[in-house]
Structure formats: structure tokens, C-alpha cells
Amino acid sequence: MTELVINGKPVQARADQTVLEVALASGFYVPTFCWHPQLSTAGNCRMCLVEVEGRGLDIACNMPVSAGMHVLTDSEDVKAHRKAMLQFITLNHPVDCGICDKAGECRLQDYHYTYNGERSKSGDPKLRSHKLVNLSDRILLDNERCILCLRCTRFTHEISKSMALGVERRGDASAICAAADRSLALDPYSDNLIDLCPVGALQSREFLYKARVWYLQPTASICPGCARGCTVQIWHRKADWQLKALDARQNSCIVRVTPLENPAVNGPWICNKGRDLARIFERRRAEQAMLKGTPVALDAAVDAARALIQGARHPAALISNWASNEELAAFKRHLGGRFTARVKRDCEPQPGEPLQDDLLIRADKNPNTAGAQALFGDGPPTLPAATDLVLIWGEGCDFAALPHGAPVIYLNSYLQPENGHADVFLPLSVQTERRGHYTNFAGTVSEFQPCFRKSDSVADAEALFEALALPAAVSA
Ligand code: SF4
Ligand code: SF4
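Residues numbered from 1 in each chain as written. Chains lettered and ligands numbered in written order. Predicted model: local features only at pLDDT ≥ 70, side-chain atom pairs only at ≥ 80, totals over all residues. Heavy atoms only, no water.

In this section: unusual backbone geometry. The backbone of N7 shows a phi angle near 50°, a positive value even though the residue is not glycine. By secondary structure assignment, the location of N7 is in the loop between β1 (2-6) and β2 (9-13). N7 sits in the partly exposed class, given a relative accessible area of 33%. Although it is not a glycine, R46 adopts a positive phi angle of roughly 65°. (Helix = DSSP H or I, 4+ residues; strand = E, 2+ residues; numbered from the N terminus. Buried < 20%, exposed > 50% of the residue type's maximum accessible area, 1.4 Å probe, protein only.)

Let us now look at the site of ligand 2. Contacts to ligand 2 come from C223, G225, C226, R228, G229, C230, I270, C271, K273, G274, L360 and I361. Residue classes in the shell around ligand 2 are distributed as 7 nonpolar, 3 polar and 2 charged. (Near = heavy atom within 4 Å. Nonpolar A, V, L, I, M, F, W, Y, C, P; charged D, E, K, R; others polar.)

Turning our eyes to something else, we now look at the pattern of salt bridges. For the coordinates displayed, the defined rule picks out 29 salt bridges. When the shortest N-O distance is used, the salt bridge between D74 and R82 registers 3.9 Å. Note that E144 and R128 form a salt bridge whose closest N and O atoms lie 2.8 Å from each other. A residue pair is termed long-range when its members are at least 10 positions apart, and E144 in the loop between β7 (139-141) and α4 (151-158) and R128 in the loop between α3 (107-116) and β6 (133-134) qualify at 16 residues. When its relative accessible area of 8% is taken as the criterion, E144 is described as buried. When salt bridges with common partners are traced through the structure, they connect D96, R128, K131, D142, E144 and R145 into a single cluster. (Salt bridge = Lys/Arg side-chain N within 4 Å of Asp/Glu carboxyl O.)

The subject of this paragraph is the domain arrangement of the chain. Split into domains, the chain comes out as domain 1 (2-74), domain 2 (124-204), domain 3 (213-281) and domain 4 (290-475). On a C-alpha basis, the centroid separation for the pair domain 3 and domain 4 is 24 Å. Taken residue by residue, the interface counts 28 residues in domain 3 and 25 residues in domain 4. The contact between domain 3 and domain 4 buries some 2,200 Å² in all, and 67% of this surface belongs to carbon and sulfur atoms. Remark: the boundary between domain 3 and domain 4 carries 1 salt bridge. Joining domain 3 to domain 4, the criterion identifies 11 residue pairs in polar contact (both at pLDDT 80 or more). When residues in the side of domain 3 that touches domain 4 are grouped by element, the largest group, 4 residues, is from strand β11 (residues 216-222). In the side of domain 3 that touches domain 4, the residues fall into 17 nonpolar, 9 polar and 2 charged. (Domains from an automatic or database assignment. Contact = heavy atoms within 4.5 Å. Buried area = accessible area lost by both parts, 1.4 Å probe. Polar contact = N/O pair within 3.5 Å; in protein donor to acceptor, adjacent residues only side chain to side chain.)

Here we come to a nonpolar patch on the surface. A cluster of nonpolar side chains, namely I99, L132 and Y209, defines an oily patch on the protein surface of about 340 Å² accessible area. Residue placement: Y209 occurs in the loop between β10 (202-204) and β11. A residue is classified by how much of its surface remains accessible, and Y209, at 51% relative accessible area, is exposed. (Patch = residues over 30% accessible without salt bridge, like charges linked within 9 Å, V, L, I, M, F, W, Y side chains within 5 Å. Areas by Shrake-Rupley, 256 points an atom, 1.4 Å probe, with all protein chains shown as cover.)

Laid out in C-alpha cells, this is it:
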């Protein structure tokens, strides 16, 4: 280990670390635009400059530690130079924070207030550049807001490897542009650029002008899109900012999804499918219990299901690999002794969907196959010939392949034609309405939290399995 002194405090560092890494790890504040821990060092924004005794000012992101060096991260000289850098960076910037989606999360805004706080000194008109450049059907580029930190180009070259972005022209005419022979639309990780961009130059079409971030709050969750189980933040309106002018659905919907950094699972990234969780969770919900397609109260459907279970001699269950570990354990605890259980795949890869790669995406498009198989085995989802009752939990079941004549109890969260064909249909809550854990393909367990309230007409699976195991006399 190497010892150096930062702002008068002795700190220990590995010999291969930079001053910036050690300063941040030791709790010192150092502003950065271009530096990112997962990207190569560009050193072009000059915001992280620090003062080193006997050496003057230099950027900390590209400065190796050396024994005995004395570093100042916030001296008067450092602050004066950061202020000058911000004058330079905002020279041609439109400063249109009032209409920019990045407002509230923008490093340029934050650093301007911390170090500069002054209007532009330049009397020259600002250089104009391209606005609303169509990079893909997901991302727009505003070249006027771009500060040329090159995080985006490095991401597409080093992480996603789509090589879809580059820089055209030189000097004050430099601009980020789409590569002529590549397409950002083919990059399944492209939306990470929106988070990576330290200003509002790369904008999400989906989120564009939808909400100011200070009206939103994130809830920790897990993307169920594949067996990686990336941890994410689901953003929705704060309770204090539910508006009467909006209907209930608009006040409690997923406004955007961002990564929840997790070194054990996904690092700071997620794929685009993880951004689109609203397309999974906000499909048309099944909220009505039914007996052979006839609407009934939830309690009546539970009674009917319980009677079928108690009357069956060889009941079998197809277990959902979208269920949480808690729900799976509840089934095992309350009904595992009655049912022959097989784990099915609720979802298969969709046409055109990336199957698997070396970064995050897994071929199994379900979040908890490992958790389900740990309790119910990894055998094929075929049912014994003698089966005289089938309980189907979740999507992905071929009803035509079920044992002929066996009654069906169906548990599902979404509106599907099969719901009305089941002898008993029981609507279930979805992931955003409950707490739980998934086990990913590598055995890592992550937690998700609820962000919305479930309807009283849908069941919570854990409570449902307990109720289904009650003897008929108790339930009457
Ligand atoms: S678009 Fe954003 S990330 Fe890319 S260079 Fe400009 S400021 Fe940096
Ligand atoms: S890699 Fe898998 S778990 Fe991660 S965001 Fe993409 S689909 Fe979701």
C-alpha cells in the first residue's frame, strides 16, 4: 500500500490507483463529467483537477498515486480553475434547463451552482448546432447541450461494442454523431447512454417531457426480463404529487426504469428490455375471479378451488418461474404434499429479441428459474398420465396439451383467453404490488419492493396457498 495525504488527512492507496479513485473512496468530493469508473480515462473535461504540493494543478483522473504526495481537492486555486472551466463549457451551451429532462439530475447544473454561479462572460452569440437528432427510435441527441465528454462514444466502443457513435469535425465544430455504417437501434444496451450523459444531450423518447424528476421517486426492484435479474429502480409519482387532473392509472404507473447499481449482478448497466418494464407490468390486468368464465367474488373462487383440490386423487401443478422465492416456499409449505409439481417456463424468447451475450443478457427469459428449480426440481414440465386436477400458475402453458378431462385451476395476472376456459380462475398480484426475492442464474438472491397497491379483487399468492390448504369445514 502507498500512503498519501489528501486535504491534510493521511490515506492508504493501492499503487495502481489514481488520485481521483482514492479521493472518492476516501469521501472527498471531486466533480467529474467525463470520468466513469467503468470506462477508459478520457481526461477531457478538466473538472477533476486538484492541486498537488510542488506540482501545481492537474487532473486527478489520470494521476497515479505516489508515496507522500500532498493533494488539495478544494483549494482556492482549484475552485478558481473549476469556475473557469464551467465558463468555458457553458460558452455555447443553451442553458435551457427549464425544458430539459435532465434538470434535477444534471451535473452541469449542479457544478455551475457549486463553482460558478455567474452568467456567461462572453458577449458573442452562442454557436448553434443540431437539435432533436434522431439516433434511434429510443434516443434523441441535442448537440447544443453536448459538452463533448465522450462518455457515450466510449460506452459504445468499450461496453456495448456497437461502435454506433463517433465525433465529427474538429475544434469548436466538433459534434457527436451516429457512425455512418452502424446503427444505435441495433444496440440492446443503448439506453444506458441516457444515464451516462452527464447533461441533457441524450434524451429518452419514452420519457421525453413526461415528468420532472423531482415529482418522482424510485422503488428498488428486479427486472424479470431474463435470468440475469438485474436490479433496477422503478420510478413513479411521489404520493404528494398524485394529481387530481390525472386518472388513477396515470398517477400510479411506471414513468421510467433505471439501473440500480449492483456489482454482484449487473454493475451499473441494464439492457433496453429492462427499461421497458411498463410493457410487461402494465399489460391489461385480470382483476376478476371466474368459474368457467362466469365472474364471481374472489372468496367464492377460492372455495371452489379448495373443493377441487380436496376432491382430487392425483392433483398436479405447473409452477411459475416468475414467482418469488417467498411465494414458491408458500406453495411448497401449504400444498407441496398434495401436488405433483413441475416447473414450467412462463416466457420464451420473442422473435428478434437478443438471445444471449457476454455482457448481461441471458437466454432464459424468466427471473426465477433457479429459485423454482431449487424447490421443485429441474425435470421437464410434463404431467403424470393419472393427473385428475391441474393447477397452472402463471403464463406459458399450452392448455391443449393438458391431461384430457382434468379440471383446471388457473392463477394468472393478465387478461388472456385461457382465463375464461379454466374451471376456476384466480387473478394474482404482480411484482410491482408486492415484496419478494428472486434467485438469478448464478445463485445471487436480490430483493424487489412494492411500488403500487394491489386491487382487493386480486389475490396475493402467499395468502392464497395458505387458504387453499385449509380444510373445507374451516373454510365454510
Ligand atoms: S452526448 Fe452526452 S455523453 Fe455524449 S459526449 Fe455529449 S455530453 Fe458526453
Ligand atoms: S439483462 Fe435481463 S434482467 Fe437485465 S435488464 Fe436485460 S432483460 Fe432485464
